[in-house]
Structures are given as C-alpha cells and as structure tokens.
Amino acid sequence: MALEELQGVIERCQGLPETEFKDEDHSIFQSAACQCLEEGHAAKLLEITQDEKNKDFVICMGWNLVGPIVSCALRDKQETEHRENCLKILDHVVKVSNPKELLVGLLEQIEEAFGNNISKTILLLLQPLQTVLLKMKHKKAYSVGLSLATIQSQLSQLPVPFTNEQCKQDVYELCKCCTAVTSFIKPFVDEVSQMTESKKNPSYNELKEELLKFCMKSLEYPLLTAQLHPLIEENEDNSLRTFAAEILAFLLAIGESLPVLMIHQLLQSRRKLREIDPLKEDVKYPTDSLASLAYLLFVQHISIDQFPAVYSPGYFLLFNMEYIAALISRTEESILSKGLELCEHCLLIIEDNNLSHKYLEIKNILSVPQDLVKVMTLCPIEHLRKSSLKIFQQYIDKFDPEGKYKLFRCLLKTSHHAGVQGYIIQNIKNQIDLALKPGNKNVWFSGSQLIPLLHSVLSLPEGAETDLLQNTDRIMASLNLLRYLVIRDNEWENQTGIWTDLFWIESFLKPLRTGLNMSKAHYEAEIRAKRENRKIKDVSDRETRSSLTVGGKKLPKMTTAMQLEVLQSAIYTFDVMESIQARIEELIEPKMKSRAEDKNAASEVF
C-alpha cells in the first residue's frame, strides 16, 4: 500500500514544475516513504530514488526523506543490509537534491535529537551536511556558521569525560564526535587559508568569522573542562587532546596570531581609543576561551612551538593574570585545577625575589593571591587546597622585599581567616629573620619601615573581647613573632626598631592578658558545670549527646565526656598563649620599668 502511494504521488508530479507541487504531495510522499522504510522496503525505495526518470522529482522532494531515513538508521537491532540501503538513499538524495532545502532538513534532525541520539545523529549526518555545505554558492559562510552553532549547541548537552578511563570508554561518544567535527570543518578552514584577505573578497572575512566563533566556543566547551594530559598507556591517544591540537592548528590556519590572542586583555584599554567596539571584541574573544588557550599553550605545550619565546618572565605572568584569575575564581574542579597549574607554571619561570613591587599596581596581581586564599580556605577538595597553599607561597617568594612588604600589608587587611593571617605572619617573621642576618639588611623588614607592619600584626581585632579560640592561629603567630624579636634583636642594636617604643607592645599584651583571664574563667566554669551535671545524671544518661559552641562555632552533638575533652583542649590552648606572653613580659618588663623611671625623672627636672 505504501509503495503504491509513493509511486502514485511520483507519477502525479512528474513533469510538473516545483511551484505546482501541493502541500499534500509533500505530506503523502514523506509518510509513504516512512512507511516503506518501516515495512523493510529500503531496497525498493533506493531503486525508486535512483531511477533516472524520477531525478527531477527527487531534486525537489528528496529533502523530505531525511527525517524518515535518520529515524530508521538510528533504530536498534536494525538489519545491516536495510541500514546500508537507508544510508545509500541519503547519499543519493544529498548528491542530487536542492542544497538549501537539504541544509534545513539536516539541521532540523540534529537540533531535534536528544539523549543518547545526540551523538549518533551528529555522527550520522556530519558527512552529508559537509557535502551539502560544499555545494552551496550563496550565503555559504552563514550556512557554515549556522551548522557549527547547531552542532555545538547539541554537543554542549553531553557531559565532558574527566578521567582517562572516561575518555577511553567515551560512553556519550563526545570524543568520537569531536574527532568527526574536526574532519567536518577542515575543508572550510583550508578554503579560508587559501583565500586572499582583501576588501574585494568579503567571503574571506565572513567565513573566517564563523570559523573563529567555532574555535573560541570549542576552547570553552569541551576543552575548558576536559582532561587533556596525555594518556599513560603507550599507543593510546587522548582524543580530546588531539581535538585541542586541531583547534589551535585551525586558528593558525585562518590567520590568527597566538601572541596577539594572548595579550588581548592587555590591549583592551588601547582598543577603546580606536574605532572598535570593546563589547563586540569581548564577544569575539571570550575570556574563558582565551584562558583555555593559555592553558593549552603554556601548561600542555600544545602548539607552543608556534609561540615566540621572547617575553620576559614578568611580562609572561602579566598577560596571563587575567586568565589565571578567571580560572581560579571558578568552583568546578577541572577548571580550578587548570587555573592553579597555569599560575604555577607562570611563577616557576620567575626567579625568587626578582618580581618588582611595581607589578602590585596592576589589575589582578593582588586579586589572584586573594583568590588563592579562598581556594585554601573554602575549597572542599583537599588536593586543590594543598596545591593553592603551595602556589600562594611561591607567589610570595617571587616579589622583591618591597613587594613582599606591601603584599603582606594588603593580605592582612583583606584576609579574615585566622589560619591565613597566621601563615602570613610566619612569612613576615621569616623575612625579618633574613633581614637580620649579616649582609641581608633591607629597609622594609628592619628599622622604621617595619614598625607599621608590626602594628598590623600585634593587634587584636576586637581588643579584650576578641574570640581567642577563633583567632588562635593569628594570636599564636603574633606572640611567636614578638618573642622572636625581643630575643633576637638586642636592645643596643635595635635593628627592627622594636625597642624604640615598648609601650605600644603593651597595648597588645594588656588586652590579650585580660582576654585570656576572661576566656579561661569562662571555660573553667563550663567544665565545672558539665562535671556537676554528669554526677547528677544516671549512667544511662551520660552518653546522651548534646551540642556545644566553642570558638564561635557550633560543634556536632557529642557526649558529655567528649565535650569535657574539647573544653579542656581550649584551656590548654589558653595556657600555651599565657606561657608565651609571660616569657615576652619577662624579657621586656625591666626595660619598660627603666624607661618609665627615666621618663618620671625627666618630668621632675622640668
């Protein structure tokens, strides 16, 4: 019945111009062809379409076969011969039918695919789509751009494999699709590379623009999140890494300069002075795409031989800061880890103590260490926290003494995490120790310049009311630094300037002493109350869990015994602080008394 309907509509339309075809003719032809395929008559349908006397009809109506053929070819448990005949019909239709109508039909099938059929549909139709596009003479660039945008939009729904094992399994066939897409786009890249750029050849710029959009989007997806390290096993390729290499090769082939792309962000301020729309430029060269490109070049060394090795290490760090900042401000593990790797690579080529303090005046040079602090303190992934701490220290080490000094002051003001503040104070102590060694003296970590930094260190955020447990790391680091100074720097040398005015030190120690007394009294009272409650309750109630707040943080529910252990640990912390403070006071008290007596004697004279 379906074959008869098919033959009937073909015979009725033979010899008629396309304008005289009725809407019902299209509908009957499509439904009849679909029925033929479902009934297993693909061989007969192939014979009909290849019949020379039906050629004019197929040219006009062939695009209606795309949907039924795709549906048939994607079905599971399809007989090999039947599927092959379906594909032969599609190939014949692509060769003879109207390219414009075929383009719409093919893109419609790609766009409507969902789930597991996304990759299967793309892999099935890329070759026919390429053939259609190569046949087009008008609006070719637009058609190529529309096709690439449709393909990328569909591929973006597929998850990107993160591990090497996932890449090898390629469950969603994203890797296979990326490989196929590079073959699909290559003829158009070759076409642009062979064209001459000129005002008389607008098709060059139009096609280049579409290919550039594709490359930039590919750098963001899937390459920004993809695992791109080479596979360990021999003779195995990482297909996404290969795809990345192809994208960079395409950029070079269409006339893009890798150095110009990398310094794009630095040139933005200059663009505003020229007749170029900055917003349009940002859309053309998205920061995330350029950050992905920087990672490919400088960490994975893909196409690095095409990048000139003429930039100084400082300038190299400078033009990568925007990309590092963009990557480490993200929360996805795959992207964040790329940012950390790129940052570390840029720092490794700079000698310690060699980065000028003037770099701190440039955008992102200060924001990056602040972002590293956020990773160190907030990231739930342990290896990334450890990596960021390592890079944070490398970052500090690269600056000259003045740069370190200014960086420390800034970080102490902007960081509100006691552990980070304690870490910075330990770094300050190390720099002071280095400055006090023979031949190493510098004006930033000794003498009058050091005093304002010490004032920032030797202070309590809220005076005697400061939560000492919550700020334990900072307070312990400050006390250890102060103890080091009064022991290491002799009064008659006074290299650090600390002995010039001891009374400001007392303004730190006095509220700390008050705070320690208050805190110890509070926690000792808590311990007594817990012990009393424990005696009153029955044995069965002793293990009843309740919550406890220590250092401003509500702890998980725990037994009375566990709570007593926590409270006792707090008391031990206060004892350690008190012990260090007592040693400092023991060292400076005689000097303070002596200076107080001298001051009183002087006032009596006058």
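Description of the structure in this document. (Residues numbered from 1 in each chain as written. Predicted model: local features only at pLDDT ≥ 70, side-chain atom pairs only at ≥ 80, totals over all residues. Heavy atoms only, no water.)

## Digging into the state of the cysteines
On inspection of all chains with the given rule, the structure shows zero disulfides. Free of any disulfide, Cys346 has its nearest cysteine sulfur in Cys343, 6.9 Å distant. (Disulfide = S-S within 2.5 Å.)

## Regarding the layout of surface pockets
Of the volumes computed, that of the second largest pocket is approximately 310 Å³. Lining the second largest pocket are 15 residues, with Lys100, Leu103, Met136, His138 and Ser143 sitting closest to its centre. Mapped onto the lining of the second largest pocket, the elements with two or more residues apiece are helix 7 (99-112) and helix 9 (140-155). By residue number, the principal contributor to the lining of the second largest pocket is helix 7, which donates six residues. Across the lining of the second largest pocket, the residue classes tally to seven nonpolar, three polar and five charged. (1 Å grid on protein atoms, 1.4 Å probe; cavity = no way out; pocket = protein on both sides within 12 Å on 5 of 7 lines; lining within 4 Å. Points joined across faces, edges and corners; volume = space filled by probe spheres on them. Helix = DSSP H or I, 4+ residues; strand = E, 2+ residues; numbered from the N terminus. Nonpolar A, V, L, I, M, F, W, Y, C, P; charged D, E, K, R; others polar.)

## A closer look at the packing of aromatic side chains
Within the structure shown, the criterion is met by 16 aromatic pairs. Their ring planes at 85° and their centres at 5.1 Å tell us that Phe298 and Phe307 sit as a pair that is edge-to-face. Assigned by exposure class, Phe298 and Phe307 land together as buried. Seen from their ring centres, Tyr405 and Phe445 are 6.0 Å apart, and the 75° between their planes marks the pair as edge-to-face. Within this pair, whereas Tyr405 is found in helix 22 (residues 401-414), its partner Phe445 is found in the loop between helix 23 (418-436) and helix 24 (450-457), the two being separated by 40 residues in sequence. Looking at Phe445, the relative accessible area reads 0%, which means it is buried. Grouping aromatic residues by their ring pairs yields a cluster made of Phe298, Phe307, Tyr311, Tyr315, Phe316 and Phe319. Of note, Lys429 hangs over the ring of Tyr484, and the distance from its end group to the ring centre comes to 4.8 Å. (Phe/Tyr/Trp six-rings, centres within 6.5 Å; stacked < 30°, edge-to-face > 60°. Buried < 20%, exposed > 50% of the residue type's maximum accessible area, 1.4 Å probe, protein only. Lys NZ or Arg CZ within 6 Å of the ring centre and 35° of its normal.)

## Observations regarding helix 18 (residues 313-328)
The largest bend in helix 18 comes to about 45°, at Asn320. Taken across its 16 residues, helix 18 has 13 buried, putting it largely inside the fold. (Bend = angle between axes of the 7 residues up to and from the residue.)

## So, the side chain of Asn238
With respect to the element layout, Asn238 can be found in the loop between helix 12 (202-220) and helix 13 (239-253). At a separation of 3.1 Å, a polar atom in the side chain of Asn238 contacts the main-chain amide nitrogen of Leu240. (Polar contact = N/O pair within 3.5 Å; in protein donor to acceptor, adjacent residues only side chain to side chain.)

## Digging into unusual backbone geometry
Residue Pro222 is bonded to the preceding Tyr221 through a cis peptide linkage, with omega at 10°. Along the polypeptide, Pro222 turns up in the loop between helix 12 and helix 13. One non-glycine residue, Ser303, lies in the positive phi region at around 65°. Checked against the element boundaries, Ser303 lands in the loop between helix 17 (287-298) and helix 18. Owing to a relative accessible area of 16%, Ser303 belongs among the buried residues under this scheme. A positive phi is found at Asn353, a non-glycine position, where the angle reads about 65°. Here Asn353 is to be found in the loop between helix 19 (333-348) and helix 20 (367-378).

## Overview of the pattern of salt bridges
Once their charged atoms are close, side chains differing in charge can pair, the charge on each being opposite to the other. On inspection of all chains with the given rule, the structure shows 20 salt bridges. One salt bridge connects Lys186 with Asp190, and the closest N-O pair in it is separated by 3.2 Å. Taken together, the positions of Lys186 and Asp190, both in helix 11 (residues 174-194) and four residues apart, correspond to about one turn of that helix. Looking at Lys186, the relative accessible area reads 40%, which means it is partly exposed. Judged by relative accessible area, which is 28%, Asp190 ranks as partly exposed. Between Arg330 and Asp288 there is a salt bridge, with its nearest N and O atoms 3.1 Å apart. (Salt bridge = Lys/Arg side-chain N within 4 Å of Asp/Glu carboxyl O.)

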